[in-house]
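The lines below spell out each chain.
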Amino acid sequence: MKILKIMFKNSMRHKLRTSLTILGISVAVIAFIVMRSIVSAWDVGVEAAAADRVIVRNSVSFIFPIPYAYKDKLEKIDGVKRVTWANWFGGVYKEKENFFGRLAVDHNTFLDVYPEFLITPDEKKMFMEDIQSCIIGEATANQFNIKKGDIVTLQGDIYPGNWDFKVAAVYKPRDKITDATGMYFRWDYLNERLEKESPDRANDAGWYVLQVNDPKQIAAISQKVDNYFKNSAAATKTESERAFNQGFISSSSAILTAMNVVSFVIIGIIMLVLGNTMIMSARERTREYSVLKTLGFSGKHLTGLILGESLLISLIGGTVGLLLGEMVVTGLGQVVPKTIFPLLEVTTLNTILAMVAALLTGFIASIFPIHKAVNTKIVDGFRFVG
Amino acid sequence: MIPLKYTINSLKRRKLTTAITIVGVSLVAFVFTAVLMMAYGIEKTLQDTGSPDNIKVVRKSATGEISSLIDGDAQSIIATSNMIVKSKEGKPLVSNEPVVLINLTSEEGGTGNLMVRGVNETYKELRPQVKIVDGREFRFGVNELIVGEGLFKKFPDAALGKKIKFAGGDWLVVGVFSTDGSGFDSELWGDAKQILSSFNRGNTVSTMTIKLGSADQLDQFNKFLMKDTRLNMFEAKAEQQYYAEQSEAMSMFISIVGIFVTVIFSFGATIGATITMYSAVANRTVEIGTLRALGFSRRSILSAFLIESLFLSMLGGLLGLLLASSLSFVQISTLNFSSFSEIAFKFSLSPQIIISSLIFALFMGFIGGFLPSIRAARLNIVNALRGM
């Protein structure tokens with residue numbers, strides 16, 4: 001118990017230095033938490049993928065369409081419960097900077113395959129009845145102050161011209177990870193107009209989404225689909241929604257790697273700050289350690305003394321950093337548009353990582369001073385001049 | 001003034017603490033420099049794309065080349081403008097370019113979106129910077145491609161001699177081209193007509209690249225487009241300007257995240273420097289008293305400690321810069337959010353980056369050393385001599 005008391009007293013001897021060190025550690029933990037949260041935010045798309053959805057796209061790349069005629073064939077494949085499809089519309093809403101996903105979807109099946117977009121039965125009825133209607137995610141509706149019943153005009157690029165849509169519903173996301181930024185309108189409206197204006201581009205789907213009865217069959221179904229269309233005009237590439245989203249993330253992997261590396265460099269910096277403090281403290285106390293040794297305290301006691309102090313400081317710094325980091329991330333989540341990071345939050349994994357990192361630094365930072373304190377001869381220790 | 005030698009010798013006495021502080025500052029300077037180099041690398045790559053007197057005609061609402069469309073009629077009307085420079089054979093220097101994305105598997109196993117650009121016979125006169133570095137040029141009228149040198153390393157399927165399968169045909173990679181690190185180095189080029197017909201796109205291309213007599217004629221050219229109701233949905237931009245805009249989103253993102261992180265980092269390193277300097281002052285109380293007794297003024301003491309701190313951070317800054325500059329040999333590639341295609345770029349260093357990194361490091365040293373130096377200067381001579 002005495003050792004514990006000395007440990008506390010020791011860490012309080014240089015109040016300024018200890019508080020600066022705690023501040024340094026907590027700042028580094030804040031940075032670590034923010035970086036990790038941004039990296040994790042990237043993965044939200046993968047988590048949001050439903051287990052029972054399969055994406056069928058053109059094998060060349062997603063910018064090429066698949067004929068509408070494939071729909072009937074896809075429906076006949078064993079294990080497929082529902083088939084829906086969508087086209088990426090692109091376009092511009094008021095300013096080019098106003099980015100959110102705009103998709104033409106099949107109104108009959110879309111909401112069944114994507115049950116995470118919540119709208120009321122009345123709103124659904126309106127979406128079914130009015131060919132020009134659309135539904136918009138809560139986050140985007142709030143950002144641009146769009147309300148139910150408003151007319152939203154898009155300037156098309158992939159599909160040239162001005163397009164007017166009536167907002168039938170502002171949908172609510174079912175889960176935290178559900179994308180609440182999309183705008184979905186009716187594919188039959190797009191197709192009808194294309195048939196008039198550029199008939200050769202009509203009757204195409206951007207991609208198909210299959211809802212399957214049993215997620216275990218996804219691999220087999222994907223294989224079947226791709227084999228079936230292998231020698232058709234548009235060969236397909238079929239994969240689970242999860243794998244599809246993963247593919248998008250892997251294309252930004254260089255940046256994610258950089259951020260990951262940086263988040264671990266931060267730990268290196270905490271280690272240096274704390275290590276510096278511990279080395280200095282131990283250095284100043286060289287004579288005291290010799291006194292303790294003379295009184296009969298063993299190396300074990302000294303180790304406990306120094307390690308304990310180091311862990312105490314890192315624990316306090318880590319906790320303060322975590323609390324503040326959580327606030328910073330929450331703040332960022334409110335400031336940054338949902339289209340960039342749909343969900344910015346501190347995950348349990350990252351909390352644990354940060355705490356482990358802080359304690360590990362506490363441990364490593366004490367190794368050198370312990371080694372020195374234990375191995376210094378008593379006589380040399382007494383002669384030591386700071 | 002207290003001699004500089006005193007400062008340097010003092011640092012040498014506490015080697016470990018000094019080294020730790022220097023490493024701390026250098027890590028921060030390294031990250032700071034690397035982030036700036038990354039953002040600048042992307043900017044530079046895309047700014048160097050294109051030639052100063054070329055312009056690009058795109059659909060006004062299009063956010064990238066792939067979402068721009070120009071139909072055949074509009075192409076022929078635009079090509080009649082007398083502002084366009086004529087080739088040796090008397091044809092207008094225009095390249096009607098379809099741009100498509102294809103998926104290839106990268107070395108690490110991920111999928112990349114690669115841009116395939118179809119070009120016309122005029123492309124060599126329009127883009128004299130294109131050099132074939134391996135293999136040969138592609139022939140018109142057949143399914144052949146040349147690959148930018150930024151790509152073929154990362155995507156083994158696009159290497160010389162390989163056949164790439166898309167749009168119902170095999171495309172043979174016959175050459176590797178270089179544009180000295182511009183954005184074109186991340187593309188595959190082939191005959192525009194071949195690409196249009198195999199993708200069933202009729203004659204609807206994505207963008208047009210045009211050479212004007214002089215860059216000043218851009219405004220006049222835009223007026224020409226505006227006046228014609230068949231053309232007023234298009235706009236012309238200087239080619240380099242167009243590609244520079246494509247880098248904005250990426251370099252903004254990297255800079256914001258990067259600067260935010262380094263600012264937090266620098267906080268940590270500054271605290272590290274403060275701790276070091278406080279202990280330097282505490283350890284040398286008697287020395288400071290002696291110096292004061294010898295007649296050195298408070299100001300000399302203050303500046304001696306500040307110089308010590310600045311010197312530390314300068315060393316750290318230089319070390320960090322040195323580490324970061326080794327990154328300029330690293331080429332990485334990632335998805336460009338704006339064009340939605342793979343872009344290969346190098347970390348690149350500029351004089352401004354060197355200066356800002358050093359200033360940043362010195363700033364950390366100054367802030368970190370300021371309070372401790374003041375404490376040193378304020379010490380009372382008698383108390384200091386007694387080591388209190």
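None of these values were measured; they are calculated from a predicted model.

**Some details on the overall build of chain B**
Counting secondary structure elements, chain B contains eleven helices and 13 strands. A compact globule built from 388 residues should have a C-alpha radius of gyration of about 21 Å, whereas chain B, at 29 Å, is more than 25% larger. Dimensions of chain B along its principal axes, counting C-alpha atoms only, are 95 × 45 × 30 Å. Taking the contacts inside chain B whose residues are at least 6 apart along the sequence as the reference set, 82% of them involve residues at least 24 apart.

**Quick notes on the overall build of chain A**
Each helix and strand in chain A was counted, giving 15 helices and twelve strands. A globule of 386 residues ought to have a C-alpha radius of gyration of about 21 Å, yet chain A, at 30 Å, is considerably larger. Overall size of chain A, expressed as C-alpha extent along the three principal axes, is 95 × 45 × 35 Å. In chain A, buried positions account for 42% of the 386 residues. Long-range pairs, those at least 24 residues apart, make up 82% of the contacts in chain A between residues at least 6 apart in sequence.

**Overview of the sheet that holds strand S2 (residues 94–97) of chain B**
Residue and element names in this part refer to chain B. In spatial order, the strands read S2-S10-S1-S11; together these four strands make up an open sheet with antiparallel pairing. The open sheet has two edge strands with one neighbour each: S2 and strand S11 (234–238). Averaged over all neighbouring strand pairs, the angle between strand axes comes to 20 degrees, with direction disregarded. Packing against the sheet, helix H6 (residues 218–227) makes contact with strand S1 (54–59) and S11, and its axis sits at approximately 170 degrees to S11.

**A short note on the domain arrangement of chain B**
Residues and elements named next belong to chain B. Under the domain assignment used here, chain B contains domain 1 (4–47 + 246–385) and domain 2 (61–232). The distance between the C-alpha centroids of domain 1 and domain 2 comes to 46 Å. Contact residues are listed per partner, giving 13 residues for domain 1 and 17 residues for domain 2. Listing elements by their share of the side of domain 1 that touches domain 2, those giving two or more residues are helix H2 (15–47), strand S12 (331–335) and strand S13 (342–346). At four residues, the largest contribution of residues to the side of domain 1 that touches domain 2 is made by S13. Within the side of domain 1 that touches domain 2, the residues separate by chemical class into five nonpolar, six polar and two charged.

**Focus: the domain arrangement of chain A**
All names here are of chain A. The domains assigned to chain A are domain 1 (2–45 + 252–383) and domain 2 (60–234). Inter-centroid distance (C-alpha atoms) of domain 1 to domain 2 is 49 Å. Between domain 1 and domain 2, the contact holds six residues from the first and nine residues from the second.

**Here we look at the nonpolar core**
Formed by 159 residues in total, the largest nonpolar core has its most connected members in Ala-31 and Ile-269 of chain A. The contact partners of Ile-269 of chain A, leaving out residues within four places of it in the chain, are Ala-28 of chain A together with Gly-24, Leu-27, Val-28, Phe-265, Gly-268 and Ala-269 of chain B. Ranked by size, the runner-up nonpolar core spans 50 residues in total, among them Ala-104, Leu-111, Phe-117 and Phe-185 of chain A.

**Here's the deal with the interface of chain A and chain B**
Contacts between the two partners involve 47 residues from chain A and, on the opposite side, 49 residues from chain B. For the side of chain A that touches chain B, the leading source of residues is helix H11 (residues 253–284) of chain A, giving 17 residues. A breakdown of the residues in the side of chain A that touches chain B according to their chemical character gives 26 nonpolar, 17 polar and four charged.

**Comments concerning the packing of H11 of chain A against helix H14 (residues 348–375) of chain A**
Residues and elements named next belong to chain A. The N-to-C vectors of H11 and H14 enclose an angle of 35 degrees; their axes lie 8 Å apart at closest approach. Between H11 and H14 lies a crossing whose hand is right-handed. Residues Ile-267, Ile-270, Met-271, Leu-274, Gly-275, Met-278, Ile-279 and Ala-282 of H11 form the contact with H14, whose participating residues are Ala-357, Ala-358, Thr-361, Gly-362, Ile-364, Ala-365, Ser-366, Phe-368, Pro-369, Lys-372 and Ala-373. Class assignment of the residues belonging to the contact of H11 with H14 gives a composition of 14 nonpolar, four polar and one charged.

**What to know about the confidence of the model for chain B**
Averaged over every residue, the pLDDT of chain B is 87; residues scoring 70 or more account for 100%. Our summary of model confidence lists the complex with pTM equal to 0.77 and ipTM equal to 0.71.

**Quick look at the packing of helix H1 (residues 2–11) of chain A against helix H13 (residues 299–335) of chain A**
Residue and element names in this part refer to chain A. One can describe the packing of H1 onto H13 by two numbers: an axis separation of 9 Å at closest approach and a directional angle of 50 degrees. On the basis of their axis angle, the class for H1 and H13 is oblique. In the crossing of H1 with H13, the sense of the turn from one axis to the other is right-handed. Counting all contacts with H1, which are made through Ile-3, Ile-6, Met-7, Asn-10 and Ser-11, the residues of H13 involved are His-301, Gly-304, Leu-305, Gly-308, Glu-309, Leu-312 and Ile-313. Split by residue class, the contact of H1 with H13 holds six nonpolar, five polar and one charged.

**Let's talk about unusual backbone geometry**
Phi is positive for Asn-145 of chain A, close to 55 degrees, though the residue is something other than glycine. By secondary structure assignment, the location of Asn-145 of chain A is in the loop between helix H7 (138–143) and strand S7 (151–156). Its 7 C-beta neighbours within 10 Å are what place Asn-145 of chain A among the exposed residues. The phi torsion at Asp-180 of chain B lies on the positive side, around 55 degrees, for a residue other than glycine. With respect to the helices and strands, Asp-180 of chain B occurs in the loop between strand S8 (169–178) and strand S9 (187–191). C-beta crowding within 10 Å serves as the criterion here: with 11 such atoms nearby, Asp-180 of chain B is assigned to the exposed category.

**Let's talk about the environment of Ile-66 of chain B**
Mapped onto the secondary structure, Ile-66 of chain B falls in the loop between S1 and helix H3 (72–79). Look at Ile-66 of chain B and you get buried, because 23 C-beta atoms sit within 10 Å. In the structure, Ile-66 of chain B is positioned 49 residues away from Thr-17 of chain B in sequence and 56 Å away in space, judged by C-alpha atoms. Among all residues touching Ile-66 of chain B, those that are not within four sequence positions of it are Ile-63 of chain A together with Val-99, Leu-101, Ser-206 and Phe-340 of chain B.

**Regarding the environment of Asp-219 of chain B**
Residue and element names in this part refer to chain B. Here Asp-219 shows up in helix H6. Take Asp-219: there are 9 C-beta atoms within 10 Å of it, and that puts it in the exposed class. For the pair formed by Asp-219 and Ile-132, sequence separation is 87 residues and the distance between their alpha carbons is 34 Å.

The rules behind each value
- Residues numbered from 1 in each chain as written.
- Chains lettered and ligands numbered in written order.
- Predicted model: local features only at pLDDT ≥ 70, side-chain atom pairs only at ≥ 80, totals over all residues.
- Helix = DSSP H or I, 4+ residues; strand = E, 2+ residues; numbered from the N terminus.
- Rg over C-alpha atoms; globule rule 2.2 N^0.38 Å.
- Contact = placed C-beta atoms within 7 Å.
- Buried ≥ 20, exposed ≤ 12 C-beta atoms within 10 Å, placed from the backbone.
- Pairing = 2+ DSSP bridges.
- Axes fitted to C-alpha atoms, helices over the stretch in contact; angles between N-to-C directions.
- Domains from an automatic or database assignment.
- Nonpolar A, V, L, I, M, F, W, Y, C, P; charged D, E, K, R; others polar.
- Core = buried A, V, L, I, M, F, W, Y, C linked by C-beta atoms within 7 Å.
- Left-handed = near helix turned anticlockwise from the far one by under 90°.
- pLDDT = per-residue confidence, 0-100.
- Parallel < 35°, antiparallel > 145°, perpendicular 65-115°, else oblique.

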